[in-house]
Amino acid sequence: MAMIDRIPDTKQEWFKDAKYGLFIHWGLYSILAGEYKGKQTKHISEWIMNSLDIPVEEYEKLTDEFNPDQFDADALVKMAKEEWGMKYIVFTAKHHEGFAMYHSENSKYNTVDATACHRDIVKELADACKKYDMKFGLYYSQSQDWHDPNGFVSKANGGKETDNQSKDFQSYVDHKVIPQLRELLTNYGEICLIWFDTPMDMTKEQSQQCVDVVKELQPNCLISGRIGNQLGDYMTIGDNYMPRLPLEGDWEVPATLNDTWGYSKFDQSWKTPEEIIKILVKIASRGGNYLLNIGPRADGSVPQESLDILGEVGNYMRENGESIYGTRKAPSYPYEIDWAEFTCRDHKLYVHVFEPRKKLEILNCSNEVKDAYLLSNGQKLKYVCDESCEGDAVVIVDIPEELHDAKTYCVCLELKEEAPIFDPIRG
Ligand code: JFZ
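Now for a look at the structure at hand. As the structure is a computational prediction, the values presented were derived from the model and not from experiment.

**A short note on the site of the ligand**
1) Next: Taken together, 14 residues surround the ligand, and among them H25, E46, H95, H96 and D197 come closest.
2) Next: E46 places a side-chain nitrogen or oxygen 2.5 Å from an oxygen atom of the ligand.
3) Next: In the model, an oxygen atom of the ligand is placed 3.5 Å from a nitrogen or oxygen of the D239 side chain.
4) Next: Look at the ligand: alone it shows 450 Å² of surface, and the protein chains cover 75% of it.
5) Next: Among the residues making up the shell around the ligand, the classes are represented as five nonpolar, five polar and four charged.

This is how it looks when you write it as structure tokens:
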């Protein structure tokens, strides 16, 4: 498992503790919402310029329509913190389309100079994050830039073949990427991480150039795994992928609530709050962070479905946060069971239950249990540490009648031992 041996360690406790963050994909693509001149894109909506082969001069005209009169950074950050339970925010400062969502001196193609609203969105979010003590990170597309004549253009999502070789990619790095990173790391206070993406043809030297400017200006700012050339401070898992096992090192799963990152009026394949909670618990139990995305509409408002789902997940986090935040990977449970996932911290095993049950039978849990209760309200539960007919250790917890139909709740088992022991033999 070579990949897994190489997962780096950030040495930063805030990142290891965070577990749950908010990704925001917002740009000119949000105006198109998945459709251009009556044509619907088949791919993720933020790729529409590339997928539908929209010429630069045409796409630039979208700046005339950028009017985020419903965007309220203060309210959004407050909600992410207080209602949704997120510990960090990552915002698309510049996505592959090349448009800067902040006041860039380097390129006039930005929200302040090229639109009638003249708003610096990164600044608004940075100020709100500071106010609410929220960690703030920025997504920056370092390799792909479909606006700059020398930026890389991929055809991964349906775009046409582009002769990248004949471009002066190094000049794009020197004249756009590095100066823009300088601006972002100088003008907006503390940046917790830069979320680089799709390195494509970047050489090791070019990736290193990006790393160097980040670390020169903010030594504690983390570099995402997608800087390329193994230079990231942590591993970025493939979008919406789930590691099968607990992993050593620091890693993060970037993920969507539906199927696209940028807003699309067509994409209605929303996951349920229960599905999201289960994914969040699985990621925490395997030792990672979940960076969950919203794609605001062009006006800055967040789709109601996203608000509803994140609100429900937030309720679970408010009642059961102790079982997620600040935890480290749990020992892997040996059996494939659908009804529960486990997280842990010193002397506690948390059983997250995802199906209605009358009893929780945790086969081969050989701990000595000292207490069992519902995490949300402390209600005590009856339990036994027993042996199965085969002589294997089993812990059985009775679920009170009023909860027989409940799904998505968390039971805390206090253990004599420091950590859960998944072993058929009680020691
Ligand atoms: C990239 C972007 O192209 C996309 O628009 C979005 O911003 C997403 C978060 O990141 O897409 C990727 C990059 C890498 C993988 C999948 C999608 N991957 O490694 O599986």
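**Side note on the sheet that holds strand β16 (residues 393–398)**
1) Next: Ordered in space as β13-β16-β15, the three strands form an open sheet in which the pairing is antiparallel. Each end of this open sheet is capped by a strand with a single partner; those strands are β13 (359–363) and β15 (383–387). Looking at each pair of strands side by side, their axes are set apart by 20° on average, direction ignored.
2) Next: Relative to β16, β15 runs antiparallel, the two being bridged by five bridges.

**Some details on the pairing of strand β4 (residues 88–94)**
1) Next: Burial runs high along β4: seven of the seven residues are buried.
2) Next: Direction of pairing for strand β1 (residues 20–24) relative to β4: parallel, over a ladder of four bridges. Across the sheet, the residue bridging to I24 is F91, located in β4.
3) Next: In this sheet, strand β5 (residues 135–140) lies alongside β4 in parallel orientation, the contact comprising six bridges. Residue pairing across strands places Y88 opposite K135, the latter belonging to β5.
4) Next: In this view, the connection linking β4 to its parallel neighbour β5 by way of helix α7 (residues 121–131) has right-handed handedness.

**Quick word on the state of the cysteines**
1) Next: Across all of its chains, the model carries zero disulfides by this definition.
2) Next: The cysteine C344 is free of any disulfide, with C412 supplying the nearest cysteine sulfur at 11 Å.
3) Next: Take C410: it sits in no disulfide, and the sulfur closest to it among the cysteines is that of C412, at 7.0 Å.

**Focus on the sheet that holds strand β8 (residues 235–236)**
1) Next: If you trace the eight strands from one edge of the open sheet to the other, you get β7-β6-β5-β4-β1-β10-β9-β8, paired in parallel fashion. What marks the edges here is a single partner per strand, and that holds for β7 (222–223) and β8.
2) Next: One ladder, built from four bridges, connects strand β9 (residues 251–255) with strand β10 (residues 289–294); its direction is parallel. Residue E252 lies in a different strand from β10, and its bridge partner there is N289.
3) Next: Here helix α8 (residues 169–186) sits on the sheet in contact with β4, β5 and β6 (193–196), set at roughly 170° to β5.

**Digging into the packing of aromatic side chains**
1) Next: Enumeration according to the criterion identifies 20 aromatic pairs in this entry.
2) Next: Between F99 and Y109 the ring centres are 4.9 Å apart and the planes differ by 70°, which places this aromatic pair in the edge-to-face class. With a gap of 10 residues between them, F99 in the loop between β4 and α7 and Y109 in the loop between β4 and α7 connect regions that are remote in the sequence. Across the pair, exposure class does not vary: F99 and Y109 are buried alike.
3) Next: Taken together, W26, F66, F71, F99 and Y109 form an aromatic cluster joined through their ring pairs.
4) Next: The ring centre of Y325 lies 4.3 Å from the NZ or CZ of K87, which sits over that ring.
5) Next: The lysine or arginine in question, R357, covers the ring of W339, its NZ or CZ lying 4.3 Å from the ring centre.

**With respect to the pattern of salt bridges**
1) Next: All chains considered together, the criterion is met by 26 salt bridges.
2) Next: As a salt-bridge pair, K16 and D250 come within 2.9 Å of each other at their nearest N and O atoms. Here D250 lies in the loop between β8 and β9 and K16 lies in helix α2 (residues 13–18), a separation of 234 residues in the sequence. With respect to burial, K16 and D250 carry one shared label: buried.
3) Next: Where K61 meets E58, a salt bridge forms, and the shortest distance between an N and an O atom there is 3.0 Å.
4) Next: Taken together, the salt bridges that share partners define one network made up of D9, K16 and D250.

**Re the pairing of β1**
1) Next: Extensive coverage of β1 is indicated by the burial of five of its five residues.
2) Next: Residues Y20, L22 and I24 line one face of β1 and the alternating positions G21 and F23 line the opposite face, and both faces are buried.
3) Next: In the sheet, β1 pairs with β10 via five bridges, with the strands oriented parallel. What sits directly across from F23, in β10, is N293.

Conventions and cut-offs
Residues numbered from 1 in each chain as written. Predicted model: local features only at pLDDT ≥ 70, side-chain atom pairs only at ≥ 80, totals over all residues. Heavy atoms only, no water. Near = heavy atom within 4 Å. Polar contact = N/O pair within 3.5 Å; in protein donor to acceptor, adjacent residues only side chain to side chain. Areas by Shrake-Rupley, 256 points an atom, 1.4 Å probe, with all protein chains shown as cover. Nonpolar A, V, L, I, M, F, W, Y, C, P; charged D, E, K, R; others polar. Pairing = 2+ DSSP bridges. Helix = DSSP H or I, 4+ residues; strand = E, 2+ residues; numbered from the N terminus. Axes fitted to C-alpha atoms, helices over the stretch in contact; angles between N-to-C directions. Buried < 20%, exposed > 50% of the residue type's maximum accessible area, 1.4 Å probe, protein only. Right-handed = clockwise from strand over helix to strand, strands pointing away. Disulfide = S-S within 2.5 Å. Contact = heavy atoms within 4.5 Å. Phe/Tyr/Trp six-rings, centres within 6.5 Å; stacked < 30°, edge-to-face > 60°. Lys NZ or Arg CZ within 6 Å of the ring centre and 35° of its normal. Salt bridge = Lys/Arg side-chain N within 4 Å of Asp/Glu carboxyl O.

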